[in-house]
Each structure stands twice: as structure tokens, then as C-alpha cells.
Amino acid sequence: MTFNELSLIQPILKAVADRGYTEPTPIQGKTIPLILKRKDVLGVAQTGTGKTAAFAIPTIQLIHQIEKKNPGKPILRSLIVTPTRELAIQIDENIKAYSKYTNVKHAVIFGGVKQHRQVEALRHGVHILVATPGRLLDLIDQGYISLKTVKMFILDEADRMLDMGFINDIKKLLKLLPAQRQSLFFSATMPDNIVQLSRKILKDPIK
Ligand code: AMP
């Protein structure tokens, strides 16, 4: 299979080619078409399988298609939540690479640093926000972020998220997200508590 067979738009195909990727990994080949069809997806995948691009590429494409007719300040459309600062930065770097030929705006927020620069980035408006749970809830409480316009919610490394004690933060986020949305859920393992959490988040998901 090639990336050309995945119904991807030229600006993304060009960015993928710049990265030197010749063919999609198995999870990319399976997941990208489903996400583009706006299905909820449950992805069981380890780091190293190309999982980040599997959700980042179609997310950028969907946002690009929704937003290209809207020349105003970017509106938050996609929220990606991941447990650690390192993962958040890595995901944001992937989004930067794949969106470089589009007008999609993105930002990353995480704890352990002063919030000023992150708040500044948000003030200009973003379409895609990558976040760790604590800083996200903190900036929501302070009124810098609203989730009301989110159309895509992506939970990455769900099992690690629960291992790190983020379950209550995730429950708080679920209350703030619109019920009408597309959700993607990725986890390396699927113990019972993760299956239960995925059921709260996804609607008729494809595994
Ligand atoms: P991830 O599982 O998202 O952490 O990705 C693991 C590594 O695979 C990263 O270094 C990616 O840049 C790389 N990668 C992702 N997709 C592809 C692809 N289709 N072909 C070659 N390398 C890839």
C-alpha cells in the first residue's frame, strides 16, 4: 500500500514525502481511512508502530477541510490528550511536520513550566491543541480554553494515563466536551478498566 491510496490531500502527501516515508505502517493503513470517514476508532498500538501519524495525519486533513473556508481566528476543533510532557511535545512536532503545507494552527501545553508562553499561543487561536491533563484543566479553569467547539477528541496512551492516576481528570474533561464529536482512543494494552473507559468515550468504535 502507498500513502496515495489513502485519499490524502496533496499538502499532506507532500509533507509525508518530505519525511521520507514511502509506505504507511499497518496501523496507519487501517486507521487513516476510518478517521477520514469520521468513525470513532479504538487503536491498540504500542509506541513505535507509527501510531502518532495514524491519528495526526487524518486529524490535520479533516481540520484543514473544515477550516479552509473560515478565514477568521482559528477555532479549537481537535483536542489531543496524552499523559506526559515528552509525548505531548512529540505529538505536536508530528503535527507541525505534517501540517506545514496547510493553514492548520496547533499548540502544545503541559505542566512544569510557566504558563505565559502557552497562554500567548492560545490567544492567537489554534485548531489543534495537544495537552497533558493537569495543565489543560488548569487553563480551562482560568478561562483560557473552552472545549465547546471541539469536534475531535483523541486520547493517547490511555493505559499510561490511568497508571499515572489521571482518571478523574479524564472524567472532568468528558463532562466539558460536546457529546456530538468524533473520538479516537489509543492504548498499548486493553485491561478491563481501559475497556470500560473506552466505552464511556467512544460511540460504535471500530477496533
Ligand atoms: P510512533 O509509533 O508514532 O511513536 O512512531 C514511531 C517512529 O516511526 C517515529 O520515529 C516516526 O517518525 C516513524 N514513522 C511513522 N510512520 C512511518 C512510516 N509510514 N514510515 C516510516 N517511519 C514512520
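Remember, predicted model here, so these are calculated numbers, not experimental data.

Draft legend 1. Focus on the site of the ligand. Around the ligand sit 13 residues in total, of which Tyr-21, Gln-28, Gly-48, Gly-50 and Thr-52 are the nearest. Contact between the ligand and Lys-51: an oxygen atom at 3.3 Å from a main-chain N or O atom of the residue. Relative to its unbound accessible area of 500 Å², the ligand is 67% covered by the protein chains. Here the residues of the shell around the ligand are counted per class, giving three nonpolar, seven polar and three charged.

Draft legend 2. Up close: the pattern of salt bridges. The final tally for this structure, using the stated rule, is six salt bridges. Residue Lys-100 pairs with Asp-18 through a salt bridge whose shortest N-O separation is 2.9 Å. On the criterion of sequence distance, the pair formed by Lys-100 in the loop between helix H4 (85-98) and strand E3 (106-109) and Asp-18 in helix H1 (residues 10-18) is long-range, its members being 82 residues apart. Looking at Lys-100, the relative accessible area reads 46%, which means it is partly exposed. Salt-bridge contacts for Glu-157 lead to Arg-160; the nearest nitrogen and oxygen are separated by 3.6 Å.

Draft legend 3. Structural view of the sheet that holds strand E2 (residues 78-81). Read from one edge to the other, the open sheet built from six strands follows the order E1-E6-E5-E2-E4-E3, with strand pairing classed as parallel. Pairing within the sheet leaves two strands with one partner each, and these edge strands are strand E1 (41-44) and E3. Strand-to-strand twist in this sheet, taken as the mean axis angle between neighbours without regard to direction, amounts to 10°. Relative to strand E6 (residues 182-187), E1 runs parallel, the two being bridged by four bridges. When the bridges of E6 are listed, Val-41 appears paired with Leu-184.

Draft legend 4. Seen up close, the nonpolar core. By size, the foremost hydrophobic cluster in this structure holds 36 residues, and its most contacted members are Leu-8, Phe-55, Ile-57, Ile-80, Ile-95 and Leu-184. Of all the elements in the fold, those that place two or more residues in this core are H1, helix H2 (26-36), helix H3 (51-67), H4, strand E4 (128-131), strand E5 (152-155) and E6. At eight residues, H3 tops the list of elements feeding residues into this core. Residue contacts for Leu-184: discarding those within four places in its chain leaves Ile-35, Lys-39, Val-41, Phe-55, Thr-59, Met-152, Phe-153, Ile-154, Leu-155 and Leu-202. Counting residues in hydrophobic clusters, the runner-up holds 33 residues, among them Ala-107, Ile-109, Leu-139 and Val-150.

Here is what the cut-offs are and how they apply
- Residues numbered from 1 in each chain as written.
- Predicted model: local features only at pLDDT ≥ 70, side-chain atom pairs only at ≥ 80, totals over all residues.
- Heavy atoms only, no water.
- Near = heavy atom within 4 Å.
- Polar contact = N/O pair within 3.5 Å; in protein donor to acceptor, adjacent residues only side chain to side chain.
- Areas by Shrake-Rupley, 256 points an atom, 1.4 Å probe, with all protein chains shown as cover.
- Nonpolar A, V, L, I, M, F, W, Y, C, P; charged D, E, K, R; others polar.
- Salt bridge = Lys/Arg side-chain N within 4 Å of Asp/Glu carboxyl O.
- Helix = DSSP H or I, 4+ residues; strand = E, 2+ residues; numbered from the N terminus.
- Buried < 20%, exposed > 50% of the residue type's maximum accessible area, 1.4 Å probe, protein only.
- Pairing = 2+ DSSP bridges.
- Axes fitted to C-alpha atoms, helices over the stretch in contact; angles between N-to-C directions.
- Core = buried A, V, L, I, M, F, W, Y, C linked by side-chain atoms within 4.5 Å.
- Contact = heavy atoms within 4.5 Å.

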